[in-house]
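Okay, here's what each chain looks like letter by letter:
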Amino acid sequence: MSVPFQRISTATVADIQFYDPSAERRAASLQVDWDNYFHVGSQEILYQLEFGWWQKYCDTVFGAY
């Protein structure tokens, strides 16, 4: 099943260059494809928000069992 692309941020490469120039330089040296970077990053964050946050919240608030 294919999941539709849902970008969760309006950040651009220019924003990364401004706020974290060292990360942008590192990505440039690795020849990062920014379209894939934003796509995969958005999907990972959405996945964590949907499936991973409750367990982490409980572990943080109530302690790990």
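Scroll up a little and you will see the structure.
Owing to the predicted nature of the structure, the values given are computational and were not obtained by experimental measurement.

Residues and numbers for the overall build of the chain, please.
Summing up its helical and strand segments, the chain has three helices and zero strands in all. From first element to last, N terminus to C terminus, the chain shows the α and β order α-α-α. In the chain, buried positions account for 14% of the 65 residues. Total accessible area computed for the chain in this model is approximately 5,700 Å², and 59% of it derives from carbon and sulfur atoms.

Just give me the short version of the environment of Phe 38, but keep the residues and values in it.
Here Phe 38 is to be found in helix α3 (residues 34-62). Phe 38 sits in the buried class, given a relative accessible area of 13%. Residues Phe 38 and Thr 12 lie 26 residues apart in sequence; the distance between their C-alpha atoms is 8.7 Å.

Rules and cut-offs
Residues numbered from 1 in each chain as written. Predicted model: local features only at pLDDT ≥ 70, side-chain atom pairs only at ≥ 80, totals over all residues. Heavy atoms only, no water. Helix = DSSP H or I, 4+ residues; strand = E, 2+ residues; numbered from the N terminus. Buried < 20%, exposed > 50% of the residue type's maximum accessible area, 1.4 Å probe, protein only. Areas by Shrake-Rupley, 256 points an atom, 1.4 Å probe, with all protein chains shown as cover.

So, to be careful, I would describe these as geometric facts and stop short of saying anything about function.
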